[in-house]
Amino acid sequence: MPYVRIAVNVPSVAGVFDYEIGAELAARVGPGHLVSVPFGKQTVQGVILRFVDTPAVEQTKLVLDALDPDPVLTPAQIALAESLAESTLSPLAAIVDLMLPPGLGQHADTVFAIREEGKPKAGAPLLPTAARLIKLLTERGPLRGRQIDRHFSNVDWRKSAHALVRRGVLTSGSVLPPVSVRPKSIRTAQLAVPLESAEGAMPALGKTGATLKRRQAALRFLMRTADAVNVSWVYAESGSNIADLQELADRELIVLRETEIWRDPLAEVRPWEPMTQVSELTEEQTRAWAEIERGLRASAEGTAVKPFLLHGVTGSGKTELYLRAVEQTARRGKSSIILVPEIALTPQTVRRFLERFPGQVGLIHSRLSAGERYDTWRRARAGLLKVVIGPRSALFAPLPNLGLIVADECHDSSYHQAEPPFYNAVAAAEKYARQAGALCILGSATPGVDQRYAAETGKLRLLELPRRIQISNGKRSFAELPPVSVVDMRVELKSGNRSIFSRELMDELQKTLGKNEQAILFLNRRGTATYVFCRDCGFVLKCPRCDSPLTYHLKTSERSNVPTLLCHHCGYERKKPKKCPQCGGAQIREYGLGSEKVESEVTALFPKARALRWDWETTRQKDSHEIILGHFAGHRADVLVGTQMLAKGLDLPLVTLVGIVLADVGLNLPDPFAAERVFQVLTQVAGRAGRSTRGGRVILQTFEPENRVIRAAAGHDYAGFYADELSRRKQLGYPPFGRLVRLEIRNQDAGRAEAAARQLAGKLQKQIESEGRRETSLIGPVPCFFSKLGGFYRWQVVLRGPDPASMLRGRTPDGWRIELDPISLL
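Residues numbered from 1 in each chain as written. Predicted model: local features only at pLDDT ≥ 70, side-chain atom pairs only at ≥ 80, totals over all residues. Heavy atoms only, no water.

Helix and strand content of the protein chain: 24 helices and 35 strands. For the protein chain, the C-alpha radius of gyration of 30 Å lies close to 28 Å, the compact-globule estimate for 826 residues. For the C-alpha atoms alone, the extent of the protein chain along its principal axes is close to 90 × 75 × 70 Å. The proportion of buried residues among the 826 residues of the protein chain is 51%. In the protein chain, 75% of the contacts between residues at least 6 apart in sequence involve partners at least 24 apart. For the protein chain, the accessible area works out to roughly 37,600 Å², and carbon and sulfur atoms hold 50% of it. Taking the average location of the 111 positive side-chain charges in the protein chain and that of its 89 negative ones, the two points are 4 Å from each other. (Helix = DSSP H or I, 4+ residues; strand = E, 2+ residues; numbered from the N terminus. Rg over C-alpha atoms; globule rule 2.2 N^0.38 Å. Buried < 20%, exposed > 50% of the residue type's maximum accessible area, 1.4 Å probe, protein only. Contact = heavy atoms within 4.5 Å. Areas by Shrake-Rupley, 256 points an atom, 1.4 Å probe, with all protein chains shown as cover. Lys, Arg positive; Asp, Glu negative; His and termini not counted. Charge placed at Lys NZ, Arg CZ, Asp CG, Glu CD.)

In structure tokens, the structure reads:
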């Protein structure tokens, strides 16, 4: 009897389990197949990892059924999942879950229903949550737990549900929800007889005039159309309905079919900007391309090749090298993955690749519908795509013959998954390329300190593009990076200018608009005001669940134009109070500025300027990134106001001015990586100016002009910043000279969170001493910088040393969030 080793789809379970599989089913499935299996008292999904000769346990259960006729994971993906689970200390099932499209991977759930004749016992009054739950199930019938969750936002209803089960009011049972995504089909109609036969049948198509007219119109429409057409078109053209078409089919005049279609989000995509390109490469590009081409050749021949770090200034032509690498990979019959850090970058990136590889590009990101993601996933699995583009999740597209992975803007923090299971998509891309025998290219104008150090120490192969390229009328030239003018806002205040814009920035905006050019105004903060407070007593309005200041917004959604206070951590919102909750005073005021405030100031100062805002609030709807970027790239707006999305590799030739409204945000946070993040974002956003022969300049406003980060960013001085930051990291033992593990505990009770943190810290300190780990140290326990989020108090402990993760392998503490190589300690 054959046996299989399976990763069950129960995210809290870390291990794998051996099952018996029937001979008939074993002939149909293999590694990577999705199956259903019994697990405890539940039926759950699982993915077959491999066949085994001898099971690890004596008593094995039987695999129930296959849930998909084709494998859902490739062999390289299985190897990647196992490797990531090991390196991140995450349950294997949680990593496998990342690789399945939404709707395909399903977790076992509990279904609750009203018991027949069930009612609460006398003398036991119902609590509000229990009464509400009974009312819901009475009205809706049996519901699964995750369905009930949608009706009880931020309410712990499960305790009440289990209490009602014990009292005999409700029943409960385990259920495996069905897969919620399926291939999409449309019904089509097509003429099935010669035109003469169809014409001869016209008089007898109906007994009444209206019916006859509808059917004749439908048949005539199909007579004019050679191919099968969607029946909805027939309805629209003729006024007919399905009954009419069914009658025509019964008379064998037409054929009705169900035709499967792909839900492709790129089907209607068209360029919204001229794609200027030069076939010749620069000297630096030529040298870099020769190395990349050799790497592609070697990897295709089965030789392991180190990843490349393509360090090129903004506008130096990195994308052209990516395109050529994809082209070479496709010629060898292999596919490519192009990672971008944000959904905001996908419209521009997709169009460049669609122009070179029409019909062969797939898009994956979280704003697509489940059906679109599922169909793109299926097309990738079937080998119908040469290129898949998207943020983190695109890395897990099941391409069967992977030859290239590119991580553009590889420094960006968006590549780091901020919720369990924690992983960094760039590190995962390097790992995946090794296991798949593919080449990996990491590209950035501001690579992370650890990435540049890895290149200098031989772990990555360094390629450099130090000059910016300009293309005009098909001709190439070189340009300097835009000059940066640093404005000391303290001087502005002393001179009486209390505007959020310095006089220099206002003058340059006026000139830019006068020349019919475009400007970008960058602010590393969204909203209208940083916080709202009482001027009488100083009370700051905070989120009750996160204890962080609420941000004032003029408009939060299409539903409401009422000014709202919003928590940027958990989404809690409320109206602005008329009186202070603490002292009753009426002096409630907003303090600070955000992207909404900057937009309104631009409109007030320059009434004729067309301003757009691009931040989290304006991009919550599907396709909003593409719409905003398309408007601006098509010069249907003059000024683009936004947050960090503007720093993500956009190429906008008409932008000649970038104004950094407040450069100091995030500069002094108590985090060892804060300086690097600020330098990167300032350097990147400065690079949006002067991408054409029109030239450009940057105005950087700051209250700390003497800060080392500000000085380095203003001088486009990556080398100077890198050397300084590397020296500081070495003194403190931070990456790349040591590794970190961050452990975080969350509890709704502040005292319990603190007690758990102190207890774990004591155990870890004893372990460090007993194992003689002289190079490993403990930081904490301390409350997190954002000490309360979503109603939970947060404490953390940080391990620092050569290999701190080895202290936790095989003995990870229950209830703790464990993050290896964190990008922030906040």
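Remark: helix α8 (residues 209-223) packs on helix α10 (residues 242-250), axes separated minimally by 10 Å, with the N-to-C direction vectors making an angle of 70°. Put simply, α8 runs roughly perpendicular to α10. As for how α8 packs across α10, the hand of that crossing is right-handed. Seen from α8, the contacting residues are Thr-211, Arg-214, Arg-215, Ala-218 and Leu-219; seen from α10, they are Asp-244, Leu-245, Glu-247 and Leu-248. (Axes fitted to C-alpha atoms, helices over the stretch in contact; angles between N-to-C directions. Parallel < 35°, antiparallel > 145°, perpendicular 65-115°, else oblique. Left-handed = near helix turned anticlockwise from the far one by under 90°.)

In this fold, Asp-68 is placed in the loop between β5 (65-66) and α2 (75-88). Only 3.0 Å separates the side chain of Asp-68 from the backbone nitrogen of Asp-70, close enough to count as a polar contact. Of the polar contacts made by the side chain of Asp-68, one reaches the side chain of Arg-381; its length is 3.3 Å. (Polar contact = N/O pair within 3.5 Å; in protein donor to acceptor, adjacent residues only side chain to side chain.)

We now examine the pattern of salt bridges. For the structure shown, the criterion picks out 51 salt bridges. Here Arg-324 ties to Glu-320 by a salt bridge, and the two come within 2.9 Å at their closest N and O atoms. Highlighted residues: Arg-324 and Glu-320, both in helix α12 (residues 318-331), separated by four residues, approximately one helical turn. Between Arg-356 and Glu-320 there is a salt bridge, and its shortest N-O distance comes to 2.6 Å. (Salt bridge = Lys/Arg side-chain N within 4 Å of Asp/Glu carboxyl O.)

To continue, consider the environment of Gly-359. Assignment of secondary structure puts Gly-359 in the loop between α13 (346-356) and β14 (361-363). In this structure, the C-alpha to C-alpha distance between Gly-359 and Leu-384, residues 25 residues apart in sequence, is 9.3 Å. Beyond its immediate stretch of four places on either side in the chain, Gly-359 contacts Leu-354 and Arg-379.

Each turn of an α-helix holds 3.6 residues, which means side chains three or four residues apart point in the same direction. Turning to helix α16 (residues 449-456), its buried residues number three or more, namely Val-449, Gln-451, Arg-452, Ala-454 and Ala-455. Those residues of α16 hidden inside the fold are in contact with β12 (308-312), α15 (425-436), β18 (461-465), α21 (674-686) and α23 (718-732).

Before going further, it helps to examine the sheet that holds strand β10 (residues 229-230). Taken in spatial order, the three strands make up an open sheet running β10-β9-β11, and their pairing is antiparallel. Either end of the sheet is taken by a strand with one partner, and the two such strands are β10 and β11 (254-261). As judged from the two bridges shared by strand β9 (residues 184-191) and β10, these two strands associate in the antiparallel manner. Paired with Thr-188 across the strands is Asn-230, a residue of β10. Where α8 meets the sheet, its contacts fall on β9, β10 and β11, and the angle it forms with β9 comes to roughly 90°. (Pairing = 2+ DSSP bridges.)

Among the eight residues in strand β30 (residues 655-662), eight count as buried, and that is most of the element. For strand β22 (residues 518-523) and β30, the ladder comprises six bridges, and the chain directions are parallel. Within β30, the position partnered with Ala-519 by the bridge is Leu-657. Across four bridges, the pairing between β30 and strand β31 (residues 697-702) is parallel. For Ile-660, the partnering residue across the bridge sits in β31 and is Leu-700. Crossover β30 to β31 through α21 is right-handed. (Right-handed = clockwise from strand over helix to strand, strands pointing away.)

This paragraph deals with the packing of aromatic side chains. Under the counting rule described, the total for this entry stands at 11 aromatic pairs. Measuring from centroid to centroid gives 6.3 Å for Phe-679 and Tyr-718, while their planes differ by 45°, and the two rings are tilted. One end of the pair, Phe-679, is in helix α21; the other, Tyr-718, is in helix α23, with 39 residues separating them in the sequence. Here a set of aromatic residues connected by ring pairs shows up, and it is made of Phe-679, Tyr-718, Phe-721 and Tyr-722. The side chain of Arg-132 reaches across the aromatic face of Phe-152, ending 4.2 Å from its centre. Note that Arg-800 overlies the ring of Tyr-734, its terminal NZ or CZ placed 5.0 Å from the centroid. (Phe/Tyr/Trp six-rings, centres within 6.5 Å; stacked < 30°, edge-to-face > 60°. Lys NZ or Arg CZ within 6 Å of the ring centre and 35° of its normal.)

So, on to the confidence of the model for the protein chain. Where the model shows low pLDDT, its predicted coordinates should not be examined in detail. On average, residues of the protein chain carry a pLDDT of 87, and 93% of them reach 70 or more. Long-range and interchain partners of residues 556-560, a stretch whose pLDDT sits below 50, account for five contacts in this model, where long-range means more than four residues apart. (pLDDT = per-residue confidence, 0-100.)

On to the sheet that holds strand β2 (residues 17-20). Taking strand neighbours across the sheet as the criterion, the five strands line up as β2-β1-β4-β3-β5 in an open arrangement whose pairing is antiparallel. Each edge of the open sheet is held by one strand with a lone partner, namely β2 and β5. As paired elements, strand β1 (residues 3-8) and strand β4 (residues 42-52) share six bridges and run antiparallel to each other. The residue bridging Ile-6 from the neighbouring strand is Ile-48, located in β4.

There is a patch of nonpolar side chains on the surface, built from Leu-669, Phe-785 and Phe-786 and spanning about 230 Å² of accessible area. When its relative accessible area of 41% is taken as the criterion, Phe-785 is described as partly exposed. (Patch = residues over 30% accessible without salt bridge, like charges linked within 9 Å, V, L, I, M, F, W, Y side chains within 5 Å.)

If you walk through the whole model with that rule in mind, you get four cavities of 30 Å³ or more. The space that makes up the largest cavity amounts to roughly 60 Å³. Lining of the largest cavity is provided by Leu-296, Ser-299, Ala-300, Thr-329, Arg-332, Lys-334, Leu-402, Gly-403, Gly-437 and Ala-438. At the level of elements, α11 (283-300) and β16 (402-408) are the ones that each hand at least two residues to the lining of the largest cavity. Grouping the constituent residues of the lining of the largest cavity by class yields four nonpolar, four polar and two charged. (1 Å grid on protein atoms, 1.4 Å probe; cavity = no way out; pocket = protein on both sides within 12 Å on 5 of 7 lines; lining within 4 Å. Points joined across faces, edges and corners; volume = space filled by probe spheres on them. Nonpolar A, V, L, I, M, F, W, Y, C, P; charged D, E, K, R; others polar.)

Structurally, the position occupied by Thr-188 is in strand β9. When its relative accessible area of 6% is taken as the criterion, Thr-188 is described as buried. A polar atom in the side chain of Thr-188 sits 3.5 Å from the side chain of Thr-259.

Look at the link from Pro-420 to Pro-421: it is a cis peptide, with omega at 0°. Locating Pro-421 in the fold gives a position in the loop between β16 and α15. With an omega dihedral of 15°, the bond running from Pro-735 to Pro-736 counts as a cis peptide bond. Its location among the elements puts Pro-736 in the loop between α23 and β32 (739-747). You will see that Glu-252, though not glycine, has its phi angle at about 65°, which is positive. With respect to the element layout, Glu-252 can be found in the loop between α10 and β11.

This part is about the packing of α11 against α12. Close contact between α11 and α12 brings their axes to 11 Å; oriented N to C, the two are set at 30°. Regarding the angle of α11 to α12, the classification is roughly parallel. For the pair α11 and α12, the sense of crossing is right-handed. Contacts between α11 and α12 involve Gln-285, Ala-288, Trp-289, Ile-292, Glu-293 and Leu-296 from the former and Glu-320, Leu-321, Arg-324, Ala-325, Gln-328 and Thr-329 from the latter.

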